[in-house]
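If you want the building blocks of each chain, they are given just below.
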Amino acid sequence: MTSTRSEPAVPRAPPDAACPRAAFDAALAEHRDELLEYLGRRLRDPETAADLAQETLSRMMKYRDSPDIADRRLMLFRIANNLVTEYHRTRQRHHAGSHFSLDETGPLRESAPPVEAIVDARIALDTLLKRTITALPPKCRLAFMLSRFDGLSYPQIAERMGISVKMVEKHITKALLACRAAVGDRDY
């Protein structure tokens, strides 16, 4: 006994309705790598580029059944460009809250000394070099210059000059007192 029972008909989409979806999906797959490269260049952060590429593809899905899209690639990159702009604006807003007004911070301090102090120090050095040090006795001047300009230790100066370390100390003390008297008591 054979019955001619027919199976219920499964509703199928018309062939032209399935084709645009397939073409749409193929277009997205075709441009995905190019989209990732574009976003990678614009953002210089591969993770953010991948996130925005995913968001771009997600937003493109809204237009999957839209038959009037002339250029899917152009639309894909327009969405991506808008997302990059939105990303930068959001980052700017987040950073704007961490800035302080200059009115709230008070005056800024300078690390460099004022010009007057620099000029005063140069005059003092000029006085020391041209007048005070040249006016010192020869052995006192030599001991001072070996110590301060050549960086020798007191025993090295004593050996070079053929005098005792105690005498070197006396010469340098005398030179320092003369320098202090010439320029005053300053903190340089």
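Everything below is about the structure shown above.
Residues numbered from 1 in each chain as written. Predicted model: local features only at pLDDT ≥ 70, side-chain atom pairs only at ≥ 80, totals over all residues. Heavy atoms only, no water.

Participant: Is there a simple way to explain the pattern of salt bridges in this structure?
Facilitator: Opposite charge on two side chains allows them to pair when their charged atoms are near. Scanning the entire structure with this criterion turns up six salt bridges. With its nearest N and O atoms 2.4 Å apart, the salt bridge here joins Arg-64 to Asp-25. With Arg-64 in the loop between helix 2 (46-60) and helix 3 (72-96) and Asp-25 in helix 1 (residues 15-43), the pair connects residues that are 39 residues apart, well separated along the chain. Assessed through its relative accessible area of 29%, Asp-25 is described here as partly exposed. In this structure, Arg-59 engages Glu-86 in a salt bridge whose closest nitrogen and oxygen atoms are separated by 3.8 Å. Taken together, the positions of Arg-59 in helix 2 and Glu-86 in helix 3 put the pair 27 residues apart, joining distant regions of the chain. (Salt bridge = Lys/Arg side-chain N within 4 Å of Asp/Glu carboxyl O. Helix = DSSP H or I, 4+ residues; strand = E, 2+ residues; numbered from the N terminus. Buried < 20%, exposed > 50% of the residue type's maximum accessible area, 1.4 Å probe, protein only.)

Participant: Sorry, what's going on with unusual backbone geometry here?
Facilitator: One can expect most non-glycine residues to show negative phi and most peptide bonds to be in trans. The backbone of Arg-44 sits at a positive phi, close to 55°, despite the residue not being glycine. Relative to the elements of secondary structure, Arg-44 occurs in the loop between helix 1 and helix 2.

Participant: Explain the nonpolar core to me, please; I cannot follow it from the model alone.
Facilitator: Note on soluble globular proteins: their nonpolar side chains tend to be buried together. Leu-28, Leu-35, Leu-39, Leu-43, Leu-52, Met-60 and Leu-76 are the most contacted members of the largest nonpolar core, which totals 17 residues. Secondary structure elements with two or more residues in this core: helix 1, helix 2 and helix 3. (Core = buried A, V, L, I, M, F, W, Y, C linked by side-chain atoms within 4.5 Å.)

Participant: So what exactly am I meant to see when it comes to the packing of helix 7 (residues 154-161) against helix 8 (residues 165-183) here?
Facilitator: Remark: helix 7 packs on helix 8, axes separated minimally by 8 Å, with the N-to-C direction vectors making an angle of 105°. By the criterion of interaxial angle, the relationship of helix 7 to helix 8 is roughly perpendicular. On helix 8, the residues that touch Tyr-154, Pro-155, Ile-157 and Ala-158 of helix 7 are Val-165, Val-168, Glu-169 and Ile-172. (Axes fitted to C-alpha atoms, helices over the stretch in contact; angles between N-to-C directions. Parallel < 35°, antiparallel > 145°, perpendicular 65-115°, else oblique. Contact = heavy atoms within 4.5 Å.)

Participant: Even after reading the chapter, I still don't get the environment of Leu-128, so can you show me in this structure?
Facilitator: One can find Leu-128 in helix 5 (residues 115-135). Sequence separation of Leu-128 and Arg-180 is 52 residues, and the distance between their C-alpha atoms is 9.2 Å.

Participant: I'm lost on the side chain of Thr-132 in this one. Help?
Facilitator: Inspection of the secondary structure puts Thr-132 in helix 5. Here Thr-132 falls in the buried class, since its relative accessible area comes to 11%. In contact with Thr-132, not counting residues within four places along its chain, are Thr-127, Ala-178, Cys-179 and Ala-182.

Participant: Where do I start with helix 6 (residues 138-148) in this structure?
Facilitator: For the α-helix, the turn length of 3.6 residues means that residues three or four positions removed from each other point alike. Within helix 6, burial applies to Cys-140, Ala-143, Phe-144, Leu-146 and Ser-147. Around the axis of helix 6, the buried residues are gathered within 165° of arc, so they sit on the same side. Contacts from the buried residues of helix 6 go to helix 5, helix 7 and helix 8. (Arc of directions from axis to C-beta.)

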